[in-house]
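Residue strings, one per chain:
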Amino acid sequence: MLVHICCSVDSHYFLSELQKQYPEEKLIGFFYNPNIHPESEYILRLNDVRRSCTMLGIQLIEEDYEQKKWFNSVRGLEHEPEKGKRCIQCFDMRLEKSAEVAYAMGERRFTTTLLSSPIKEQKILYEQGDIISEKYNLDFIKIDVRKNGGVQKQNELAKKDLLYRQNYCGCQFALQQQRHKQNRISLEMMSELGRRSLPGSIEERMETFASRNALEASNENFILTQRKKRVWRLLQGKVSYNDSIIHSYILAHSESKTAKVGAIVWGQVMLRSLVLQESNLTNIKNLAVAFKVWLGFSKKDDTLFICLKDFNMLVGTEYKSVLELVYHPIDYEKELLLRTQLCGSETTNPIIIIDKPIEENLKIEISSIFQDEKVFQTIALA
């Protein structure tokens, strides 16, 4: 039997139940989900399905990620609500491909783990599955794993086996609608120029679950948990000098602000480097070093400026220009440490890195957001 798999959370329980109901049947998983966006999320879910199938001893076939084909198939349906016509078209596309593959393999039966999802219309899936199966002379297997507390059992199994529990269906249009109702930004569809793994991003999730896999492979004790974080994103950052844009870098947790800064007072302060330096003293290593650095204080508001040369001293980097920093930023956590050192851990005033000191006629335009997100974490246990 060919089993179309949509994600590990739905498939893990569904396949377990299918094995019980069809003990003599060889189950073959089939991953075909061009509806999942962005591609990094697709890869994350595919990797988790691979792990799930390995745990269950099920062969997995991976179809191509036909992203453009999916977008073409739902053209004109972008604004359809969840469970509307776009979803039906999405079901049809994936079920049709599953039936094609099952027929080509000589299989007599096929089904889909979409049937286990509590946010999918089971009746529509039954109907569409029957129509497509008749076209290919196959049997579409209809089982209901949701009844008798099945949804709760599915969630419990997902937590027990440390699966990736995604927080949206997969389609970017449904995601946008979902986040709009929540009055939140779709962080999943955002990435910065520097391509860092930011808190609350899919890239961070990929790192977390790669860590899970590594800890499992080395037989280390660990837990997979979720924590609520207030995460920050820079939507736009622009600094102008005499109405001409200059290169700048907006430090993490800088709040939104549009202002003419006016006069800037530059002064030297003593600060310790964030980089722990090697010491030649006997048995003493990792000794922090202090520097005199120039900081620019806006006389009009709470904006703070630091030049690239002093930034390099504090964080132990050798950037030649602020533009280089924009495309190859330092570690996000190190940015937060720098903010703590410059202004304090709870501050949100703008901190801006520029190439050289400027004393007046600066205008800043910053658009940023703070948003609560639940993020996965792996914690190794002693």
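Predicted model only: the values in this text are computed from it and were never measured. (Residues numbered from 1 in each chain as written. Predicted model: local features only at pLDDT ≥ 70, side-chain atom pairs only at ≥ 80, totals over all residues. Heavy atoms only, no water.)

Trainee: What should I look at first to understand the sheet that holds strand β6 (residues 222-241) in this one?
Mentor: Sheet strands line up and pair through hydrogen bonds in the backbone, either parallel or antiparallel. Strands sit in the order β7-β6-β14-β9 across an open sheet of four strands; the sheet is antiparallel. Whereas interior strands pair on both sides, the edge strands pair on one side only; in this sheet they are β7 (244-246) and β9 (257-260). Between one strand axis and the next, the sheet turns through 25° on average, direction left out of account. Across 19 bridges, β6 lies against strand β14 (residues 362-380) in antiparallel orientation. Bridge pairing links Val231 to Gln371 in β14. Across the sheet, helix α8 (residues 202-217) touches β6 and β14, and the angle it forms with β14 is around 25°. (Pairing = 2+ DSSP bridges. Helix = DSSP H or I, 4+ residues; strand = E, 2+ residues; numbered from the N terminus. Axes fitted to C-alpha atoms, helices over the stretch in contact; angles between N-to-C directions. Contact = heavy atoms within 4.5 Å.)

Trainee: I tried to follow the layout of surface pockets on my own but got confused; where do I start?
Mentor: In this approach a probe as big as a water molecule rolls over the atoms, and the regions it shows empty are the leftover space. In this structure, the largest pocket occupies an estimated 530 Å³ of space. Together, 26 residues line the largest pocket, and Leu193, Leu234, Gly237, Tyr249 and Val326 are the ones closest to its centre. Counting only elements with at least two residues in the lining of the largest pocket, the list comes to β6, β7, β8 (248-250), α10 (322-327) and α11 (332-342). Tallying contributions element by element places β6 first for the lining of the largest pocket, with eight residues. (1 Å grid on protein atoms, 1.4 Å probe; cavity = no way out; pocket = protein on both sides within 12 Å on 5 of 7 lines; lining within 4 Å. Points joined across faces, edges and corners; volume = space filled by probe spheres on them.)

Trainee: Help me understand the confidence of the model for the protein in this model?
Mentor: When pLDDT is low, close inspection of the predicted coordinates is not appropriate. Averaged over every residue, the pLDDT of the protein is 93; residues scoring 70 or more account for 97%. Below a pLDDT of 50 lies the segment residues 277-287, which in the model reaches eleven contacts outside its immediate sequence neighbourhood of four places, other chains included. (pLDDT = per-residue confidence, 0-100.)

Trainee: Can you walk me through empty space enclosed by the protein in this structure?
Mentor: The full count for this structure, using the stated rule, is four cavities of 30 Å³ or more. The space that makes up the largest cavity amounts to roughly 80 Å³. Along the walls of the largest cavity sit Asn35, Trp70, Glu82, Arg86, Cys87, Cys90, Phe91, Arg94, Lys120, Cys169, Cys171 and Ala174, which together make up its complete lining. Ranked by residues supplied to the lining of the largest cavity, first place goes to helix α4 (residues 85-105) with five residues. When the residues that make up the lining of the largest cavity are grouped by side-chain class, the tally is seven nonpolar, one polar and four charged. Within this model, the second largest cavity holds a volume of roughly 40 Å³. Residue lining of the second largest cavity: Gly200, Ser201, Glu204, Arg205, Thr208, Lys374, Val375 and Phe376, and that is the complete set. Where the lining of the second largest cavity is concerned, the elements lending two or more residues are α8 and β14. Of the residues in the lining of the second largest cavity, the class split is two nonpolar, three polar and three charged. (Nonpolar A, V, L, I, M, F, W, Y, C, P; charged D, E, K, R; others polar.)

Trainee: Help me out: how do you make sense of the sheet that holds strand β4 (residues 109-112) in this one?
Mentor: As summarised here, the arrangement of the five strands in space is β3-β2-β1-β4-β5, forming an open sheet in which the pairing is parallel. Across the chains shown, the open sheet's two edge strands, defined by having one partner strand only, are β3 (59-62) and β5 (139-140). Of the strand pairs in this sheet, β4 and β5 are connected by two bridges, and their pairing is parallel. Residue pairing across strands places Phe110 opposite Phe140, the latter belonging to β5. Contacts from helix α2 (residues 39-56) reach β1 (2-5), β2 (28-31) and β3, with the element oriented near 160° to β3.

Trainee: Hey, could you run me through the environment of Glu63 in this one?
Mentor: Looking at the element boundaries, Glu63 is found in the loop between β3 and α3 (67-73). Here the alpha-carbon distance between Glu63 and Val101, two residues 38 residues apart in the chain, equals 9.6 Å. Once residues lying within four places of it in the same chain are set aside, the contact partners of Glu63 are Phe30, Phe31, Tyr32, Tyr42, Lys97 and Val101.

Trainee: So what exactly am I meant to see when it comes to the packing of aromatic side chains here?
Mentor: Any pair of aromatic rings gets described here by the distance separating the centres and the angle formed by the planes. A complete count under the given rule lists twelve aromatic pairs for this structure. Taking the centre distance of 5.2 Å and the plane angle of 70° together, the rings of Tyr164 and Phe209 count as edge-to-face. Of the two residues, Tyr164 is situated in the loop between α6 (150-160) and α7 (172-181) and Phe209 in helix α8; the sequence distance between them amounts to 45 residues. In this structure, Tyr164 and Phe209 share a single accessibility class: buried. Both rings, one in Phe209 and one in Phe376, keep their centres 5.1 Å apart while their planes meet at 65°; by these two values the pair is edge-to-face. Taken as a pair, Phe209 in helix α8 and Phe376 in strand β14 lie far apart in primary sequence, 167 residues in all. (Phe/Tyr/Trp six-rings, centres within 6.5 Å; stacked < 30°, edge-to-face > 60°. Buried < 20%, exposed > 50% of the residue type's maximum accessible area, 1.4 Å probe, protein only.)

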